Amino acid sequence: SMDFRGRIYPAPMYLNPQGNSLAKGLLKFADGKPLGTNEAACELAIHGANTFGYDKVSMQERVDWVVENQERILQAGSDPMGDLWWAKEADDPWGFLAFCNEWVGYCENGYDHVSFIPIAKDGSCSGLQHFSAALRDPLGGSAVNLLPTDKPADIYQTVINKTIVKVRDDLTRNENIDLAQAWLDFGMTRKTAKRTTMTRVYGSTLFSARAFIQEYIMDTDAKRRQEDLSYVSCLKGREFEAARYLAKHVWTSINETVIAAKDGMDWLQECARILASENLPIIWTTIDGFPVMQNYPDMAKRRVKTKFGDQLIYLTVQQAIKDKLDRRRQGNGISPNWVHANDGCHLRMTVNLAAYNGVTHFAMVHDSFGCHASDVEMLGACLRETFVELYVDNDPLGRFKEEGEALIGKALPDLPEKGELDVTLVRDSEFFFA
């Protein structure tokens, strides 16, 4: 099924490719395909390293990691309860265990091994990939692997590195010295900034950034207490204050990294509010012809009195006001909806092109594309070609502007200025989807 933006969702609940680690680990394709080549075997190994969490290094280093840990991998595949290291240490334990089972088959049968599991290739912060390509932003594009590099760029690490510099600078100032030192003692990793960075191009706010970081503190403390019962957090009792302090630095660091994307978001929001002021929905068409309409009605609250047994119950229900749009929601919703419409378009275009070129089985999760190991090379070529078609052969932001102007009958604000990024270089970017 598809939502109004064209994002695709499986019909079954729970046990589907978009489920949790266990659901994805249990699923296999209905038909297997022999590995056939060394390249396919390497893709299987890379998938194993990715599910374990060893995914911020070169492809060859991921293959080497599997070879170095082969004995434990084979043990996990043959006798998973004998050593639970896969459950304790892997980022995606059930996906990694499914890989271990496949690796046992490969070691026994070589290239003749018939593989059934989906090999996933994930985008690097796909929302920023789409904005960077649409606005030809070389800085943002470099941060999310639109350009060829020897090792994968990691935007979450880039953001937290900038944040750490700001926190250390606070040690030389009179205010926030205690909080700055407490955070340096607590430790900051890419995961500290991941959710805030990931959702920035979807219209998240400084308030949500504070909530994400506070949740990170709680989760980190819980894990550390499991490992050491005597652990006492240096942020204990100050979680809210500490999260609010760090969120400001993370927010500033993100805006220093995704400058063009912020301009694109601001432009979309301005257009949405202009249309909403005329009480008009936002209607546009994706490059592959999918019509999208964002239409958030203004809601009025109404009190309802009812009875539950002998007890009076007062309920508050929300009711749409006829022919009136919510200007705030129209503005806040347009950035994530535009991005999701384009990543849904990219997925559909990729599946169509890959199917035309012989790929028969897919396991798709918005910006994670899965197929048999033997088809990964073809799928990778197709997703790069369709991305070029989406942003080089076409102009989604320009189309959005034209359709918006046709709807309102007057000119909308000028498009944000574009940079010099050569989007065709994505064809040579090994880590675009990796």
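Here, every reference points to the structure presented above.
As the structure is a computational prediction, the values presented were derived from the model and not from experiment. Residue positions are given per chain, counted from 1 along the sequence in the order it is written. Totals for whole chains, interfaces and linings use all residues, but because this is a predicted model, local features are given only for residues with pLDDT of at least 70 and pairs of side-chain atoms are given and counted only at 80 or more. Heavy atoms from the whole structure form the basis of all side-chain values; hydrogens and water molecules are not counted.

### A look at the environment of asparagine 161
Along the chain, the position of asparagine 161 falls in helix α9 (residues 155–170). Taking relative accessible area as the criterion, asparagine 161 reaches 38% and is therefore assigned partly exposed. The spacing of asparagine 161 and alanine 45 is 116 residues in sequence and 30 Å in space, taken between C-alpha atoms. Strands here mean DSSP runs of E at least two residues long; helices mean DSSP runs of H or I at least four residues long; both are numbered from the N terminus. Working definition: with a 1.4 Å probe on protein chains only, accessible area under 20% of the residue-type maximum means buried, over 50% means exposed, and in between means partly exposed.

### Considerations on the environment of threonine 257
Along the chain, the position of threonine 257 falls in helix α13 (residues 239–257). Separated by 150 residues in sequence, threonine 257 and leucine 407 place their C-alpha atoms 34 Å apart. We call two residues in contact when some of their heavy atoms are within 4.5 Å. With sequence-adjacent residues up to four places away left out, threonine 257 is seen in contact with Leu139, Gly140, Ala143, Ile155, Thr158, Val159 and Lys162. What qualifies as a polar contact is a pair of N or O atoms within 3.5 Å, subject to a donor-acceptor requirement within protein and to the restriction that residues adjacent in sequence count only when both atoms come from side chains. In this structure the side chain of threonine 257 is engaged in a polar contact, spanning 3.0 Å, whose partner is the side chain of lysine 162.

### Things to note about the pairing of strand β7 (residues 311–325)
Any two strands are treated as partners once DSSP identifies two or more bridges connecting them. Across 11 bridges, the pairing between strand β6 (residues 297–308) and β7 is antiparallel. Among the inter-strand pairings, valine 304 is bridged to a residue of β7, identified as leucine 315. Remark: two residues form the turn of the hairpin made by β6 and β7, two consecutive strands paired antiparallel; glycine 309 in that turn has positive phi of roughly 70°.

### Describing empty space enclosed by the protein
Definitions used throughout: a 1 Å grid over protein atoms alone; a cavity as a set of points that fits a 1.4 Å probe which cannot get out; a pocket as an open set with protein on both sides within 12 Å along at least five of seven lines; a lining residue as one with an atom within 4 Å of a point. Grid points are joined across faces, edges and corners, and a volume is the space filled by probe spheres set on the points. Evaluation of the coordinates by the stated rule reveals one cavity of 30 Å³ or more. Looking at the largest cavity, the residues that line it are Trp284, Thr285, Thr286, Ile287, Asn342, Pro396 and Arg399. Of all the elements in the fold, those that place two or more residues in the lining of the largest cavity are β4 (282–285) and α17 (396–408). Residues are grouped as follows: nonpolar covers Ala, Val, Leu, Ile, Met, Phe, Trp, Tyr, Cys and Pro; charged covers Asp, Glu, Lys and Arg; every other residue, Gly included, is treated as polar. Looking at the lining of the largest cavity residue by residue, the class counts come to three nonpolar, three polar and one charged.

### Comments concerning the packing of aromatic side chains
Aromatic ring pairs: the centre-centre distance and the angle between the two ring planes describe each pair. Centres within 6.5 Å are what make two rings of Phe, Tyr or Trp a pair, Trp counting through its six-membered ring; a difference in plane orientation under 30 degrees is then read as stacked, over 60 as edge-to-face, and the rest as tilted. Taken as a whole and assessed by the stated rule, the structure comprises 20 aromatic pairs. Where phenylalanine 52 meets tryptophan 65, the ring centres are 4.7 Å apart and the plane angle is 40°; that geometry is what we call tilted. Note that phenylalanine 52 is positioned in helix α2 (residues 38–52) and tryptophan 65 in helix α3 (residues 59–68), a separation of 13 residues in sequence. Side by side, phenylalanine 52 and tryptophan 65 carry an identical accessibility label, which is buried. Aromatic pair phenylalanine 432 and phenylalanine 433: ring centres 4.8 Å apart, planes at 70°, arrangement edge-to-face. Residue phenylalanine 432 is classed as buried on the basis of its relative accessible area of 0%.

### Side note on the pattern of salt bridges
Any Lys or Arg side-chain nitrogen located within 4 Å of an Asp or Glu carboxyl oxygen qualifies as a salt bridge. Enumeration over the complete set of coordinates arrives at 19 salt bridges. With its nearest N and O atoms 3.2 Å apart, the salt bridge here joins aspartate 83 to arginine 72. You can see aspartate 83 sitting in the loop between α4 (70–78) and α5 (85–89) and its partner arginine 72 sitting in helix α4, a full 11 residues away along the chain. By relative accessible area, which is 34% here, arginine 72 ends up partly exposed. Glutamate 241 is the partner of arginine 238 in a salt bridge, and the nearest nitrogen-oxygen pair spans 3.7 Å.

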